[in-house]
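As a plain string of letters, each chain reads:
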Amino acid sequence: MSKRPAPPRFDSAAYARLFDGARDAVAVFLPDLSVAYANPAFRSLLPVRDGRPLRETLGEASDLFDTPVREVAGGGHAVTATHRVAASSGERTLTGNYAAVRDSTGGVEAVLLVAHDLPGFDTAAEPVADPRPAPLPGPDDGTCGYALVDAGLRLLSCNASLRALIPAPGEPPAPGTPLLDLLAALIGGDVTADGEHPRAKTLQRHLLRRGGRPLDLHTESHRRLQISLHRPETGETLLRVCDVSRARLAQAHIERQAALLRLLSESQTAFLGGSNRERVFARFLDGMLRVAHCHAGMIAVPVGDGIQPLAATGAWGDAHALPPAAAHALASGAPARAETGAEGPGHTLALPVAVRGRTVGLLMLSDRAAPFDEPLLAELTQALPTLAALISVHAAERRRGQTTHDLRAGQERVRAIFDAIMEGVVTVNAAGLIVGFNASAERLFGTAVRDVLGRHVRILSPEGMAAPFDIHGLIDGSAPLSTRRREVMGRRADGQAFPAEVSISRVDLDHEPLFIAIFQDISERKRLDRLKSELVTTVGHDLRTPLTSILGALSLAGSGNLPPERIKDLLEMAERNGRRLLRLITNLLDLERINAGMIAFDPRPIDLGLVLRQSVDNHHLLAEAKALSIDWDLPSHPLRVEGDADRLAQVAINVFGNAVRFSPEGGTIRIRAVAENGLIRVEFTDQGPGIPASFLPVMFDRFRQLESRVRGTAGASTEGSGLGLSIVRALIELHGGRVGALSPEGGGATVFFELPGESAPTS
C-alpha cells in the first residue's frame, strides 16, 4: 500500500515575522485547503489551526473559501471575494484578496489571503476573477474606512469608519452616490460655478490610472489620507481610505531627508569623479521627482529670453517656450507655484537656482497630485546649493578653452563654486594626506588651506581620539564606505573641539583613490536642543506661577470667611493672572506659527505712517493710564512699503506697549520715522531707566525680560511673557527687515526696526 505523499514544506516562520502584528486578517492555504499559516487577527475571527484542514475546524463554513482558493491554485491569477461568516463575535462580512504564492519553478505553492472585516455591509459578493495581481493593503496607521462601488462608479455601501472620515457638515453618503461626489466630500475644496470639483476629478483620474496602488493626499481639513481603489475588469470596486496624517508626516519627512542627503552626496561624488554630466543631471532630476512625487520635471539654464534644458522628463521635450511659473521664478528669484501641470491637471513648482545672488538655473517639478506645501518646499530648497554647484561646474567646463589662461580661469571658477558650498569639503588621498580644502572648511576648522595641505587628516580631530574616518580601512576594504552622515568631534586650529557630521565618498582619478569628506558643524543644533530643554522649564514656570495664584485666590474666595471687598480683590487678581496666561499662550502660538511658516501673510503696498498712527491711537488707553504723552516725528509724505498691514500693526503695538511699560509716570514716548537709502527706519524712544549693554544682544530672544529695568520704573508691570519682542523680530524679518535697540548712558531706550521701502511717490 503506497503512502500518501507528505505535504510540501512551508516556511510559516517567515510569514509570522511579516504578518503576526498586522491589523488585517492574513492566512495561507495549501492547495488541499489545509491551513499553512494564520495570523492572530485571522484566528480572532475564525477558529482555525495551523496545519489542520479547514473543514475540521470550520465545518460547512469552509466551503466559502473553497472556490477562490481552488481558482487561484489552478489558474495562478488573483481573485477578490466577499464572504458572510459566523465569527466568534457574531456574524461578520469579510472581503478578501487571494493571491498565488509561487515556488522556485513558477508553480503555485500556496494561496495567500488578506481579509478585511467590513462592519456595516449587508450583502456578500460572489468571487470575481481579476487577471491582474490583487493589491495587498499596507499597515493601518489611522482609522480606515471601506466602501463598495459598482461598475458604474456608484456607491453600493460603506462602513461607519468611512462616514466618520467625511468632515462636518458633510452629508453621510447614500447608496447610488457617484464616486466623484464621495471623493469630493472626503477631500473638500472649491467647486466651480457649473458644479464641477476639479480636485476630486483629478484624484479619481489618478486612482483609476494607478491600478490599485494607494495614493496619499492632503485634504482641505488639513488631514493626510491614504486612498486606494481596486477596480477589476468586472464586478464591484473596493475603495479604502485611511487617515494617516501623523504617521505620514513623520515618515515622509524622514524619508525625504534621507533621500535628499543620499542624492546630494551621490551627485557630488559623480561630478567629482568625472561622470557623464548629462547622466548626472538626469539622475539628479529623477531623484527630485521621487522625493516630490511628481511625474514631470526639468533642469534648465536661462538662455536669452528662454531656457535651455539640461535634463527633462515627462511632457517636456528638448526645446521649450518659457512656462509662466518659470518666468515668474526667474524674474523674482523666488519659488513660484502653478495649479496646472505639464500634462494637464496637477501642480507645478519652479525653483530658481542661484550662486551668490545670480540665477544660474531652474528646477521645474510638475504633475504632482497634491499642492506643494511649505515643509516640502523647505526640504526641496535644501538641494538647490548642490544643484547650483553642479550647474555652474557644468557651465564652467563648457566655457573652458584650450589656452592656459582659459584653463586657469576655469579652475578658479570651479574653486569659487565649491567654496560657495555651505559644508566644509576636505579631499584626502590614499595616504591620508589632505589635498583639498574649500573655503567653508577653512571657516569651519579656523585654518587656512596652505596650513593643512599635505598634512595628515588626523590634525582635524582632537588629540587622543581616532581620526574622523579610518582611511586605511576604507582603502583595504576592512571598513565599508558609506555616504551616511556620522557624528564626530572636530578640532579647530586653536584647539577647540566641536561636534560635526561627516559623510565620506570615494572617487578614482587616474587610477588613484581620493576620499571626499563633507563636514557640517552641528554646534547650533546641539545648542537648540539645550534651548528646547530650557524652554520647557521656562514655560512650565511661567504657567505654574499664575495658575498657583489663581487657584489660591479662588480657594480663599470660596472659603466663605472673607468680606466682599477682599473677595473682589482676590477675583481681580485671579482675572489678571488668567489674562497673563492667555497672553503667554497666544504669544507662543503666534511665534510658532511664524517660525513654521503657517501664519497668514498678505503683503501689498501700504502707508507705514498711517499704520503706525492707527495702531497707537487704538491703544491710547495704555498711555493715558500712566499720563504719558506721544511725540510724533513722521514725514508729511507717505511711507510706502510692501507689507502686511495687520502684521505691521502687531509689531507697532508690541513695541509701543514695551515703551509704555518702561516709561515713568507723566513721561513722553517719541515715535520717529525716517527714509534713507531705500530703507524706512521707525524708532520708539522711552524715558525709562535704559537697557544694560550686556542685555542688548539677547533682548529679542524668547523669554528674555530685564527684571532690574522693570523694578527701576515706577508703575511698570512684571507680568510680561518675554515673547513680545521675539514676535516683533520674527515679523520684521518676514518682511525682509531687521530690528535693534539702543540705550545711551543716562537712561532712556530706543527700539527700532527697518523695512525696505520708499518715502515719496516716484515720477
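Just so it is clear, the structure is predicted and the values come from calculations on it, not from any experiment.

A.B. asks: It is not clear to me how the overall build of the protein should be interpreted in this structure. Could you clarify?
C.D. replies: Looking only at helices and strands, the protein features 22 helices and 28 strands. A total accessible area of about 38900 Å² is found for the protein, and carbon and sulfur atoms account for 53% of it.

A.B. asks: Mind showing me how you'd approach the packing of aromatic side chains here?
C.D. replies: Using the criterion set out here, one finds three aromatic pairs in the structure. Taking the centre distance of 5.3 Å and the plane angle of 85 degrees together, the rings of Phe445 and Phe519 count as edge-to-face. Within this pair, whereas Phe445 is found in helix α14 (residues 439-445), its partner Phe519 is found in strand β21 (residues 512-521), the two being separated by 74 residues in sequence. Each of the two residues, Phe445 as well as Phe519, counts as buried. Here the aromatic residues Phe437, Phe445, Phe498 and Phe519 are joined through ring pairs into a cluster of three or more. Above the face of the Phe372 ring, Arg368 is positioned so that its terminal group lies 5.5 Å from the ring centre. One Lys or Arg, Arg681, reaches over the ring of Phe752 and ends 3.7 Å from the middle of that ring.

A.B. asks: I would appreciate a short explanation of the sheet that holds strand β16 (residues 358-368) in the present structure.
C.D. replies: By definition, the strands of a sheet pair up through backbone hydrogen bonds, in either a parallel or an antiparallel sense. Read from one edge of the open sheet, five strands run β13-β12-β16-β15-β14, paired in antiparallel fashion. The sheet terminates laterally at β13 (306-313) and β14 (336-341), the two strands that pair on one side only. On average, each strand axis in the sheet is inclined to that of its neighbour by 25 degrees, with strand direction left out of account. Examined bridge by bridge, β14 and strand β15 (residues 344-355) share five bridges and lie antiparallel to one another. Each residue of the ladder has a partner; that of Gly341, found in β15, is Gly344.

A.B. asks: Just to check I follow, could you spell out unusual backbone geometry for this structure?
C.D. replies: Glycine aside, residues mostly have negative phi, and peptide bonds are mostly found in the trans state. Although it is not a glycine, Leu153 adopts a positive phi angle of roughly 60 degrees. Take Leu153: it is sitting in the loop between β7 (144-149) and β8 (155-158). We note that Asp367 has phi near 60 degrees; this positive angle belongs to a residue other than glycine. In this structure, Asp367 sits in strand β16.

A.B. asks: Got a minute to help me understand the sheet that holds strand β9 (residues 215-218) in this structure?
C.D. replies: Taken in spatial order, the five strands line up as β8-β7-β11-β10-β9 in an open sheet, and their pairing is antiparallel. Of all the strands in the sheet, the pair left with one neighbour each is β8 and β9. Ignoring which end each strand starts from, the neighbouring axes of this sheet average 25 degrees apart. Summarising the sheet, strand β10 (residues 224-230) and strand β11 (residues 237-243) pair through six bridges and their orientation is antiparallel. Paired with Ile227 across the two strands is Val241, which belongs to β11. Packed onto the sheet, helix α6 (residues 179-187) meets β7, β8, β9, β10 and β11 and runs at close to 5 degrees relative to β11.

A.B. asks: Hey, could you run me through the pattern of salt bridges in this one?
C.D. replies: Opposite charge on two side chains permits them to pair, given that their charged atoms come into close proximity. This structure, assessed with the given rule, holds 14 salt bridges. We note a salt bridge from Arg290 to Asp286, for which the minimum N-O separation is 2.2 Å. Placement of the pair is Arg290 and Asp286 together in helix α9 (residues 277-292), with a separation of four residues, close to one helical turn. Given the relative accessible area of 38%, Asp286 is considered partly exposed. A salt bridge links Arg672 to Asp633; its shortest N-O distance comes to 3.7 Å. Of the two residues, Arg672 sits in strand β25 (residues 668-676) while Asp633 sits in strand β23 (residues 629-633), which places them 39 residues apart along the sequence. On the basis of relative accessible area, Asp633 is assigned to the partly exposed category, the value being 30%. Put simply, Asp633, Arg670, Arg672, Arg681, Glu683, Arg738 and Glu754 are held in one network by salt bridges that share partners.

A.B. asks: Just to check I follow, could you spell out the pairing of β7 for this structure?
C.D. replies: Across the six residues that make up β7, a large majority, six, are buried. Side chains Cys144, Tyr146 and Leu148 project from β7 onto one buried face, and the interleaved Gly145, Ala147 and Val149 project onto a second face that is buried too. Note: β7 against β8, three bridges, orientation antiparallel. Counted as the bridge partner of Ala147 is Cys158 from β8. Adjacent in sequence and paired antiparallel, β7 and β8 are bridged by five residues, among which Leu153 carries a positive phi angle near 60 degrees.

A.B. asks: Would you explain helix α20 (residues 645-662) in this entry?
C.D. replies: Every α-helix winds through 3.6 residues per turn, so residues three or four apart in the chain are directed the same way. Helix length check: α20, at 18 residues, gives a terminal C-alpha distance of 26 Å against a target of 26 Å (1.5 Å per residue), a fit within 8%. For α20, the tally of buried residues reaches 13 of 18 residues, placing the bulk of the element in the interior. The opening residue of α20 is Asp644, an N-cap whose side-chain oxygen sits 3.0 Å from the backbone nitrogen of Asp646.

A.B. asks: Hey, could you run me through the nonpolar core in this one?
C.D. replies: Nonpolar side chains in soluble globular proteins tend to end up buried together. Among the nonpolar cores identified, the biggest contains 41 residues, and Leu365 and Leu380 are the most heavily contacted of them. Among the elements that take part in this core, α9 stands out by supplying eight residues, more than any other. In this view, Leu365 contacts Leu285, Met288, Leu289, Ala292, Cys294, Ala296, Gly297, His347, Thr348, Leu349, Phe372 and Leu380; residues no more than four positions away in its chain are not counted. One finds Val641, Ile680, Val751 and Phe753 within the second-largest nonpolar core, a separate group that totals 40 residues.

A.B. asks: Would you mind showing me how to read the packing of α20 against helix α22 (residues 724-734) here?
C.D. replies: Packed helix pairs are specified by the crossing angle of their axes together with the interaxial distance, meaning the distance between the axes. Packing of α20 against α22 brings their axes to within 9 Å, and their N-to-C directions diverge by 145 degrees. When you trace α20 past α22, the crossing you get is left-handed. Each of Arg647, Leu648, Gln650, Val651, Asn654, Val655 and Asn658 in α20 lies in contact with α22, whose residues at this interface are Gly724, Leu725, Ile727, Val728, Leu731 and Ile732. Across the contact of α20 with α22, the residue classes tally to eight nonpolar, four polar and one charged.

A.B. asks: Looking at this structure, how should I read helix α12 (residues 384-399)?
C.D. replies: Here α12 is 16 residues long and its end C-alpha atoms lie 22 Å apart, about the 22 Å a rise of 1.5 Å per residue gives. Among the residues making up α12, those that are buried are Leu384, Thr386, Leu387, Ala388, Ala389, Leu390, Ile391, Ser392, Val393, His394 and Ala396.

A.B. asks: Honestly, the confidence of the model for the protein in this entry has me stumped. Any pointers?
C.D. replies: For any part of a model where pLDDT is low, the fine detail of the predicted coordinates should not be relied upon. The predicted model of the protein averages 76 in pLDDT, with 77% of residues at 70 or higher. By mean pLDDT, the top-scoring element of the protein is strand β26 (residues 679-686) (93), and the lowest-scoring one is strand β6 (residues 128-130) (35). Taken together, the stretch residues 1-8 has pLDDT below 50 and engages in one contact with residues farther than four places along the chain or on a different chain. Contacts of residues 469-479 to residues separated by more than four positions or lying in other chains number 22 contacts, the stretch itself having pLDDT below 50.

A.B. asks: When you look at the environment of Ala184 in this model, what are you seeing that I'm missing?
C.D. replies: Mapped onto the fold, Ala184 is located in helix α6. Judged by its relative accessible area of 16%, Ala184 falls in the buried class. Sequence separation between Ala184 and Gln204 is 20 residues; the distance between their C-alpha atoms is 9.7 Å.

A.B. asks: Explanation requested: the pairing of strand β27 (residues 738-742) in the structure shown.
C.D. replies: Across a regular strand the side chains alternate sides, sitting on one face of the sheet and then on the other. Two elements, β27 and strand β28 (residues 749-758), share five bridges in a ladder whose sense is antiparallel. Residue Ala741 lies in a different strand from β28, and its bridge partner there is Val751. Taking the residues between adjacent antiparallel strands as the criterion, β27 and β28 are bridged by six residues, where Gly746 takes a positive phi near 105 degrees.

A.B. asks: Explain empty space enclosed by the protein here, please?
C.D. replies: Over the atoms rolls a probe the size of a water molecule, and its path tells where empty space is left. Within this structure, the stated rule accounts for six cavities of 30 Å³ or more. Around the second largest cavity, the lining residues are Ile187, Arg199, Thr202, Leu203, His206, Leu215, Leu217, Ala369 and Ala370. Of all the secondary structure elements, the ones that give two or more residues to the lining of the second largest cavity are α7 (198-210) and β9. With four residues, the single largest contributor to the lining of the second largest cavity is α7. Grouping the constituent residues of the lining of the second largest cavity by class yields six nonpolar, two polar and one charged.

What counts, and at which threshold
Residue indices follow the written sequence of each chain, beginning from 1 at its first position. Since the coordinates come from a predicted model, pLDDT governs what is reported: local features require at least 70, and pairs of side-chain atoms require 80 or more to be given and counted, while whole-chain, interface and lining totals use all residues. Water and hydrogen atoms were dropped before computing side-chain values, which therefore reflect all heavy atoms in the structure. We count a stretch as a helix when DSSP gives it H or I for four or more residues in a row; a strand needs E for two or more, and each element gets its number in order from the N terminus. For the area figures, the Shrake-Rupley method with a 1.4 Å probe applies, and any residue is considered shielded solely by the protein chains shown. We call Phe, Tyr and Trp rings a pair once their centres come within 6.5 Å, taking the six-membered ring for Trp, and we label the pair stacked below 30 degrees between planes, edge-to-face above 60, and tilted otherwise. For the exposure calls, accessible area comes from a 1.4 Å probe over protein chains only, and a residue counts as buried if that area is under 20% of its type's maximum, exposed if over 50%, partly exposed in between. Charges are assigned to positions over rings by a cutoff of 6 Å between ring centre and Lys NZ or Arg CZ, combined with an angular limit of 35 degrees from the ring normal. Paired strands are those between which DSSP finds at least two bridges. The axes are straight lines fitted to the C-alpha atoms, using for helices just the contacting stretch, and the angles between their N-to-C directions are given from 0 to 180°. In this description, contact between two residues means that some pair of their heavy atoms is separated by no more than 4.5 Å. Any carboxyl oxygen of Asp or Glu that lies within 4 Å of a side-chain nitrogen of Lys or Arg is treated as forming a salt bridge with it. Here the expected length of a helix is defined as 1.5 Å per residue gap, with one fewer gap than residues. A 3.5 Å cut-off defines polar contacts: any pair of N or O atoms within that distance qualifies, except that in protein one atom must be a possible hydrogen donor and the other a possible acceptor, and neighbouring residues in sequence count only when both atoms are side-chain atoms. In plain words, nonpolar cores are sets of buried Ala, Val, Leu, Ile, Met, Phe, Trp, Tyr and Cys residues tied together by side-chain atoms within 4.5 Å. Crossing handedness: left-handed means the near helix sits turned counterclockwise from the far one by under a right angle, and right-handed means the same turn made clockwise. Asp, Glu, Lys and Arg are counted as charged, while Ala, Val, Leu, Ile, Met, Phe, Trp, Tyr, Cys and Pro are counted as nonpolar; the rest, among them Gly, fall into the polar class. Residue-level confidence of the predictor is what pLDDT reports, using numbers from 0 through 100. For cavity detection a 1 Å grid was placed over the protein atoms alone, and a set of points counts as a cavity when a 1.4 Å probe fits there but cannot get out; an open set counts as a pocket when protein lies on both sides within 12 Å along at least five of seven lines, with lining residues being those that have an atom within 4 Å of a point. Grid points are joined across faces, edges and corners, and a volume is the space filled by probe spheres set on the points.

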